[in-house]
Amino acid sequence: MGNLLKVLTCTELDQGPNFFLDFENAQPTDCERAVWNQVNAVLQESESILSGLQAYKGAGQEIRDAIQNPNDMLLQERAWNSVCPLVIRLKKFYAFSLKLEEALKSLLESLTCPPYTPTQHLEREQALAKQFAEILHFTLRFDELKMRIPAIQNDFSYYRRTISRNRLNNMNLDIENEVNNEMANRMSLFYAEATPMLKTLSTATTNFVTENKTLPLENTTDCLSTMASVCKVMLETPEYTSRFNSEDTLLFCMRVMVGVIILYDHVHPNGAFNKSSKIDMKGCIKVLKDQPADNVEGLLNALKFTTKHLNDESTPKNIRTMLQ
């Protein structure tokens, strides 16, 4: 256990303990095994979800041809046949977000339950902390990709318009067995979000706090702030970054740090940017800005545009300035 999680420093400030957590090699103990197996079954799908999103080309040309030639039934059919498989793929991504939501709740239950503190949980359940990090890492990668694919919303809008028109014409469409009206409504709300996976996790974390009324809010927010401290110290300490076996672990740490900051900002009543926050926001932003711009542009934008309290009057001006 000591090889995996090492106390680096315990500050006098209210930043909480900072750790070096070996994100590359954590293995579940017997106590973690049941939850770990459940979450692992979900995480095993994550790479194929990302590959599917990365390969998403859209049906823009077919849709344009169909719209410009409304009486050409061959072009209408070609557009419809191009869009339907894409909608099935979009449904798969949406369904995965629901699985991810359940996995996150299971991890939060394990990492926040009494009588242990967040620090003690990290020491006892390091493999679950790694899975929590992997969910955040996936989420930010998915949303970064989705933001670069405007075809998703265009394709889905065309699908919904066409299916409504065909329904008016009493046409029986097989695809409605796969994506009925209720499912289409839910998918529409999901893809309307700029960062749909992050929105899913933020809502899930907020609901977790609301539903577990006997669990102190601090159990959840301290778990998130401790994870932010873990990542910040790892990123700003060359002695520890040099231990990573892969350069990808650096970007992994950055994504995880940003992910937990965003969740904290949505769950804590005062947010992450307030002076009373247990997250050293100035230090976290500095760590990001010290990295190559290409690696962190999307992450800085996530802090700017998907947090809840950045523009509050209580946010120090120097923090706002750093993110401009």
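These remarks concern the structure in this document. Starting afresh in each chain, residues are numbered from 1 along the sequence in its written order. Two thresholds apply to this predicted model, a pLDDT of at least 70 for residue-level local features and 80 or more for giving and counting side-chain atom pairs, whereas whole-chain, interface and lining totals are computed over all residues. Side-chain descriptors were evaluated using all non-hydrogen atoms of the structure, hydrogens and water having been removed beforehand.

The nonpolar side chains of a soluble globular protein tend to be buried, and buried together. Among buried residues, those of type Ala, Val, Leu, Ile, Met, Phe, Trp, Tyr and Cys that are joined through side-chain atoms within 4.5 Å constitute a nonpolar core. A 1.4 Å probe rolled over the protein chains alone gives each residue an accessible area, and that area as a share of the maximum for its type sets the label: buried under 20%, exposed over 50%, partly exposed in between. One finds Phe-23, Phe-132, Tyr-159, Met-187, Met-227, Ile-261 and Leu-288 to be the most contacted residues of the largest nonpolar core, which totals 102 residues. Strands here are runs of E lasting at least two residues and helices are runs of H or I lasting at least four, both read from the DSSP assignment and numbered beginning at the N terminus. The element that contributes the greatest number of residues to this core is helix α4 (residues 73-112), accounting for 16 residues. If near-sequence neighbours (up to four positions away) are discounted, Met-187 is found in contact with Val-87, Leu-90, Lys-91, Tyr-94, Phe-156 and Val-179. Should any heavy atoms of two residues lie within 4.5 Å, those residues are considered in contact.

A word on the packing of α4 against helix α10 (residues 217-236). Remark: α4 packs on α10, axes separated minimally by 10 Å, with the N-to-C direction vectors making an angle of 100°. Between α4 and α10, the crossing angle belongs to the class labelled roughly perpendicular. Across from Leu-108, Leu-111 and Thr-112 in α4, the residues of α10 making contact are Asn-219, Thr-220 and Cys-223. Split by residue class, the contact of α4 with α10 holds 3 nonpolar, 3 polar and no charged. Every angle, taken between N-to-C directions, lies between 0 and 180 degrees, and every axis is a line fitted to C-alpha atoms, over only the stretch in contact when it is a helix. Roughly parallel refers to an angle under 35 degrees, roughly antiparallel to one over 145, roughly perpendicular to one between 65 and 115, and oblique to any angle outside these ranges. When residue character is reported, Ala, Val, Leu, Ile, Met, Phe, Trp, Tyr, Cys and Pro are called nonpolar, Asp, Glu, Lys and Arg charged, and the others, Gly included, polar.

This brings us to the environment of Ala-194. Mapping Ala-194 onto the fold places it in the loop between α8 (181-192) and α9 (196-211). Overall, the relative accessible area of 48% leaves Ala-194 in the partly exposed class. Each C-alpha atom of the pair Ala-194 and Lys-146 lies 8.0 Å from the other, and the pair is 48 residues apart in sequence. With residues near it in sequence (within four places) discarded, Ala-194 still touches Lys-146 and Met-147.

So, about the state of the cysteines. Whenever a pair of cysteine sulfur atoms sits within 2.5 Å, that pair is classed as a disulfide. Taken as a whole, this structure holds 0 disulfides when the rule is applied. With no disulfide of its own, Cys-223 has Cys-113 as its nearest cysteine by sulfur position, at a separation of 11 Å.

With omega at 5°, the peptide bond leading from Pro-114 into Pro-115 counts as cis. Mapped onto the elements of the fold, Pro-115 is located in the loop between α4 and α5 (118-124).

We now examine helix α14 (residues 293-305). In this model, α14 (13 residues) spans 17 Å end to end at C-alpha, consistent with the 18 Å of a helix rising 1.5 Å per residue. When α14 is considered as a whole, its buried residues turn out to be Val-296, Leu-299, Leu-300, Ala-302 and Leu-303. All buried residues of α14 project into a common sector of 150° when viewed along the axis, lining one side. Opposite its buried face, α14 presents the exposed residues Ala-293, Asp-294, Glu-297 and Phe-305, each directed more than 90 degrees away. Those residues of α14 hidden inside the fold are in contact with α6 (126-147), α12 (248-267) and α13 (281-289). Each helix should span, by expectation, one fewer than its residue count multiplied by 1.5 Å. Directions drawn from the helix axis to the C-beta atoms are what define this arc.

Note on definitions: salt bridges are taken to be side-chain nitrogens of Lys or Arg within 4 Å of carboxyl oxygens of Asp or Glu. Applying the stated criterion to the full structure yields 12 salt bridges. A salt bridge links Arg-124 to Glu-125; the shortest N-O distance between them is 4.0 Å. Exposure remark for Arg-124: the relative accessible area of 37% places this residue in the partly exposed category. For Lys-286, the salt bridge goes to Asp-290, with nearest N and O atoms at 3.0 Å.

A few words now on the side chain of Ser-106. Within the fold, Ser-106 resides in helix α4. Polar contacts, as counted here, are pairs of nitrogen or oxygen atoms within 3.5 Å of one another; within protein the pair requires one atom able to donate a hydrogen and one able to accept it, and residues that are adjacent in sequence qualify only if both atoms are side-chain atoms. Polar side-chain contacts of Ser-106 include one of 2.8 Å to the side chain of Gln-38. Apart from residues no more than four positions distant in its own chain, Ser-106 is found in contact with Val-35 and Gln-38.

Before going further, it helps to examine the packing of aromatic side chains. Here is the rule: rings of Phe, Tyr and Trp (six-membered ring for Trp) pair when centre to centre is within 6.5 Å. Planes less than 30 degrees apart are stacked, more than 60 are edge-to-face, and the remainder are tilted. Per the stated rule, a full pass over the model turns up 8 aromatic pairs. Note on Phe-190 and Tyr-191: the rings are 4.9 Å apart at their centroids and 85° apart in plane angle, and the pair reads as edge-to-face. A relative accessible area of 7% means that Phe-190 is categorised as buried. We classify Tyr-191 as buried; its relative accessible area is 2%. An aromatic cluster of at least three residues, connected via ring pairs, comprises Phe-93, Phe-96, Phe-138 and Phe-142. In this scheme, Lys NZ or Arg CZ marks a charge over a ring once it lies within 6 Å of the ring centre and within 35 degrees of the ring normal. If you follow Arg-33 out to its NZ or CZ, it ends over the ring of Trp-36, 6.0 Å from the centre.

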